[in-house]
Every structure is written in structure tokens, then in C-alpha cells.
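# Analysis of the macromolecular model
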Amino acid sequence: MSSDTASGPVPNLEGVVPTDDKRRADTLLRLFAAGRENSGATVMFHTAVAARQGLNPTETKALDFLERHGPLTAKQLAELTRLAPASVTGLVDRLVAKDVVRRVKHPTDKRRVLVELNREKIAELFGFFEDYAREVTKRCEVFTTEELETVIRFLEVMTEHQREAAARLAE
């Protein structure tokens, strides 16, 4: 349910948190606000990184999947991105045209094609993320290892929840 403001409906987040524990309710509302801020900053960060490389955010996420999972078929890339097969074909065509990936024969099934990274062409992009990771590591110095473990656990739970929510939206 949403409430209305002068600019239109907004989510009624206060209505979804338990009211029997004020501290927990306030903390959850702060968490929602911080999550929205983080989400916005993440989207804008990835958009800026993509633009710097002449890519769009979907293209950089596809490159990220290829980096983490290795060469993939178009079907596997569709499953990971949750894009329609025709959209993945267009995505791969654009990435090939930009010379950041290439299509190669599958090693065991010559009827299939894999999409693999052109590592020489994306070295600058990955170098930027290495620099960024150094900065994140420095900022994490203020947290104990136990606190970081809690953040990891939270992110894992929320990531799974987002995947499930995205799947429901795609139905």
C-alpha cells in the first residue's frame, strides 16, 4: 500500500514495520532509507563506469558475469541476466562490435558457441575496479571482522531476496 503526497504515491514503509518495538521499527526505517541511498549510488556509479568505457550498465553487468563465471553460452547469459534470448543476442552483438567479447566454438559441442571476454580490451575497466576495491578495503578498516561478517550475511540474504523479487516481476 502507498500513501499520496503532492508529487504522487510513495511507499508507506512505516506501515510495514512492526510497531511493538520502537527501536527496531526506527532501525528498519533507517535501513530502508540507507538501502535506497545505496541502491541509487550503486546504479549511478555503474552507469558512470559504463559510460566511461562506452558501454551501458547492462553491458558492464554482462561483462561482470563473464568475469565471474568464465565463458558462457547465450542461454546461460540469458539465465544469469534474466533477459529474453533475443535481448541477449542483441547484447552480445553490441559487445562483439565493441570488441570487449568474442564468440568462440564450444570446446566439446561444435554446434554451440561461447561468449568470452576479450581481456586485453577490458583491462582498463577491471583496473578501475581494482582501484575501487583498494578504496573499499581502506574504508572497511573502521569495522571489525565480525561486523563485516554480519554485513556479508545481510547482503547475501538481501541479494537472494532481490533475485526472487525480480523473478516474480518477470513472470
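Residues numbered from 1 in each chain as written. Predicted model: local features only at pLDDT ≥ 70, side-chain atom pairs only at ≥ 80, totals over all residues. Heavy atoms only, no water.

### Digging into the overall build of the protein chain
Per the secondary structure count, the protein chain includes six helices and four strands. Counted from the first residue to the last, the protein chain has its helices and strands arranged as β-β-α-α-α-α-β-β-α-α. Scaling as 2.2 N^0.38, a compact globule of 171 residues should have a C-alpha radius of gyration of about 16 Å, whereas the protein chain reaches 20 Å, well beyond that. Along the first, second and third principal axes, the C-alpha set of the protein chain runs to 60 × 40 × 35 Å. When burial is assessed residue by residue, the protein chain has 19% of its 171 residues classed as buried. For the protein chain, restricting intrachain contacts to residue pairs at least 6 apart in sequence, the fraction spanning at least 24 positions comes to 38%. (Helix = DSSP H or I, 4+ residues; strand = E, 2+ residues; numbered from the N terminus. Rg over C-alpha atoms; globule rule 2.2 N^0.38 Å. Buried < 20%, exposed > 50% of the residue type's maximum accessible area, 1.4 Å probe, protein only. Contact = heavy atoms within 4.5 Å.)

### Regarding the nonpolar core
In terms of nonpolar packing, the biggest core is built from 21 residues, with Leu63, Leu95, Val101 and Leu117 touching the most fellow members. Mapped by element, the contributors of at least two residues to this core are helix H1 (22–52), helix H2 (57–69), helix H3 (74–81), helix H4 (85–97), strand S4 (113–117) and helix H5 (119–139). Residues within four places of Val101 in sequence aside, it is in contact with Leu63, Leu66, Val92, Leu95, Val96, Val115, Glu116, Leu117 and Asn118. (Core = buried A, V, L, I, M, F, W, Y, C linked by side-chain atoms within 4.5 Å.)

### Structural notes on unusual backbone geometry
The phi dihedral of Arg82 falls on the positive side, at around 65 degrees, and the residue is not glycine. With respect to the secondary-structure elements, Arg82 resides in the loop between H3 and H4. Note on Arg82: relative accessible area 48%, which makes it partly exposed.

### Considerations on the pattern of salt bridges
Per the counting criterion, the structure on display carries 13 salt bridges. Here Lys98 ties to Glu59 by a salt bridge, and the two come within 2.9 Å at their closest N and O atoms. Linking Lys98 in the loop between H4 and strand S3 (101–105) with Glu59 in helix H2, this pair joins segments that are 39 residues apart in sequence. Taking relative accessible area as the criterion, Glu59 reaches 0% and is therefore assigned buried. As a salt-bridge pair, Glu67 and Arg119 come within 2.7 Å of each other at their nearest N and O atoms. Pair noted here: Glu67 is in helix H2 and Arg119 is in helix H5, with a separation of 52 residues, a long-range link. (Salt bridge = Lys/Arg side-chain N within 4 Å of Asp/Glu carboxyl O.)

### Thoughts on the packing of H1 against H5
The geometry of H1 relative to H5 is characterised by a closest axis approach of 10 Å and an angle of 145 degrees between their N-to-C directions. Taken as a pair, H1 and H5 cross one another with a handedness that is right-handed. The residues of H5 that touch H1, namely those facing Phe45, His46, Val49 and Arg52, are Glu124, Leu125, Phe128, Phe129 and Tyr132. Here the residues of the contact of H1 with H5 sort into six nonpolar, one polar and two charged. (Axes fitted to C-alpha atoms, helices over the stretch in contact; angles between N-to-C directions. Left-handed = near helix turned anticlockwise from the far one by under 90°. Nonpolar A, V, L, I, M, F, W, Y, C, P; charged D, E, K, R; others polar.)

### So, H5
Each full turn of the α-helix corresponds to 3.6 residues, which orients residues three or four apart in the same direction. The end-to-end C-alpha separation of H5 is 29 Å, in line with the 30 Å expected for 21 residues at 1.5 Å each. Where H5 bends most, at Leu125, the angle is about 35 degrees. Taken together, the buried positions of H5 are occupied by Ile122, Leu125 and Phe126. The elements touched by buried residues of H5 are H1, H2 and S4. (Expected span 1.5 Å × (residues − 1). Bend = angle between axes of the 7 residues up to and from the residue.)

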